Structure formats: structure tokens, C-alpha cells
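Now for the letters of each chain:
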Amino acid sequence: MDMTNFSQEVHKNAVEHGWWDEERSFGEIIALCHSELSEALEELRAGRPMVWQHCQNCDEPCMRDGCGDWNNGMCEIDALGRKPEGIAVELADCIIRILDWFGKEKLDTGALILQARTTIMCDVPCLVHAASLGDCIARWHLLLSLAYSCWCRAAGFHAAALRMARCVAEIMEWAEMEGLDLESILDIKHAYNKTRPYRHGGKAL
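What you are looking at is a predicted structure, and each value in this text was computed from that prediction instead of being measured.

## What to know about the environment of Thr-109
Alright, step 1. Within the fold, Thr-109 resides in helix α4 (residues 109–119).
Alright, step 2. Judged by relative accessible area, which is 0%, Thr-109 ranks as buried.
Alright, step 3. Residues Thr-109 and Asn-5 lie 104 residues apart in sequence; the distance between their C-alpha atoms is 8.3 Å.
Alright, step 4. With sequence-adjacent residues up to four places away left out, Thr-109 is seen in contact with Met-3, Thr-4, Ser-7, Leu-99 and Phe-102.

Take a look at the structure:
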């Protein structure tokens with residue numbers, strides 16, 4: 001996936017859906033990213049799968065090969081809701097929020113993520129290889145908070161962008177370790193976002 005082109009597509013869709021009708025502050029962008037990470041944590045706490053869709057027949061979450069407990073029964077494909085859900089989907093939403101801002105700022109997203117992989121160490125060791133998902137989510141919250149801290153200091157634009165890019169890179173690294181095709185999930189969620197109503201029905205932020 002060409003992340004620079006994808007970030008431009010994500011931003012174009014956000015503009016078309018009214019999310020930049022009024023200028024957003026950097027703090028609002030960071031807060032929205034935090035909210036997506038928190039939604040991923042809630043999916044984890046609820047014991048839901050990485051990716052699922054709501055079944056309109058049994059009124060339960062479904063992974064296409066099972067209903068309710070995700071092991072028994074069989075939903076018809078056309079009974080599934082169109083909105084993708086799940087832990088990995090919420091993490092993809094966090095990335096999409098970041099890429100929207102990168103697209104707005106016309107950043108070379110691919111180069112930024114590559115630089116983040118090799119230069120950003122921050123204040124604590126990377127937890128992705130050794131910790132639980134809950135620990136990883138806490139670290140990604142930290143990276144976003146550090147990005148906001150950098151932004152609030154003079155000449156902090158690039159440092160802030162690098163920490164956001166590090167968040168993207170670590171989520172993608174975690175997904176790869178879990179055997180998840182996160183690029184495919186990003187494509188699916190972006191395609192769904194293009195079908196959503198203007199400002200998702202009137203959300204303020």
C-alpha cells in the first residue's frame with residue numbers, strides 16, 4: 001500500500017463528508033485518535049473478535065462462519081450489516097484519523113513512517129514485541145500524548161508528526177505479528193467510510 005497516496009484519499013473523503021468544513025485543532029485530532037484506541041480496548045474487554053459484522057438475523061456479532069459465540073450456527077452473508085467492527089477495525093480507525101491529518105498537511109506519509117520506524121525511541125522501550133494488547137494500547141496513547149506535547153512547544157510540528165507516525169508503525173507491526181492483514185482492513189474501512197452519511201448523521205466533532 002502506498003501510504004502517501006492512501007492518506008490523500010482518506011483526507012479527500014473526510015473533506016467530502018464535511019469533517020473539514022471548519023478547521024479542526026491539532027488537539028481535537030489527537031483526542032479523536034485517543035477515542036479510537038479506547039474503542040479498541042472496549043472491543044477487547046468485551047471479548048469480541050478482531051473483525052466482525054453485526055448479524056441482522058440473530059442480532060449477534062458474527063464472523064461469517066458463526067453467530068453469537070462465533071463458533072456455532074451460520075449467518076447468511078446478506079444478513080450481515082455493512083459496517084466492519086472489531087479490535088483491529090478500531091485500531092485501523094486510529095490510523096485513518098492520523099492519515100487524514102497527514103493528508104491535510106500534504107506530508108510524505110510513507111517516508112514519515114519509515115523515518116519513525118528508525119529514529120523515534122521516545123521515553124520507554126517499545127512494548128509491541130513483549131506486552132499484552134492492553135499494554136500496547138497504553139503505549140499508543142502515550143505516543144499520541146507526546147505528539148500533542150511536541151505540538152504545544154515551539155517548532156514541534158515535525159516531532160509531533162513523527163510520534164504520530166510511530167503510532168501508525170507500531171500498530172501495523174503489532175497487526176503483522178498477529179497475522180492480520182491490516183492494509184486490507186484499512187481498505188475495507190475506508191471503503192465503508194465513503195458510503196457513510198454527511199458528518200455521519202450530524203456529529204459535531
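## A short note on the pattern of salt bridges
Side chains carrying opposite charge are able to pair once their charged atoms draw close together.
Alright, step 1. All told, the structure shown has 10 salt bridges when counted by the stated rule.
Alright, step 2. Note that Lys-12 and Glu-16 form a salt bridge whose closest N and O atoms lie 2.6 Å from each other. Of the two residues, Lys-12 and Glu-16 are both situated in helix α1 (residues 3–16); the distance of 4 residues between them amounts to about one turn of the helix.
Alright, step 3. Look at Glu-16 and you get partly exposed, because its relative accessible area is 46%.
Alright, step 4. Glu-43 serves as the salt-bridge partner of Arg-48, at 2.8 Å between the closest nitrogen and oxygen.
Alright, step 5. A residue is classified by how much of its surface remains accessible, and Arg-48, at 31% relative accessible area, is partly exposed.
Alright, step 6. Residue classification places Glu-43 among the buried residues on the basis of a relative accessible area of 8%.
Alright, step 7. Through salt bridges with shared partners, a single ionic network connects Glu-23, Lys-104 and Glu-105.

Calculation rules
Residues numbered from 1 in each chain as written. Predicted model: local features only at pLDDT ≥ 70, side-chain atom pairs only at ≥ 80, totals over all residues. Heavy atoms only, no water. Helix = DSSP H or I, 4+ residues; strand = E, 2+ residues; numbered from the N terminus. Buried < 20%, exposed > 50% of the residue type's maximum accessible area, 1.4 Å probe, protein only. Contact = heavy atoms within 4.5 Å. Salt bridge = Lys/Arg side-chain N within 4 Å of Asp/Glu carboxyl O.

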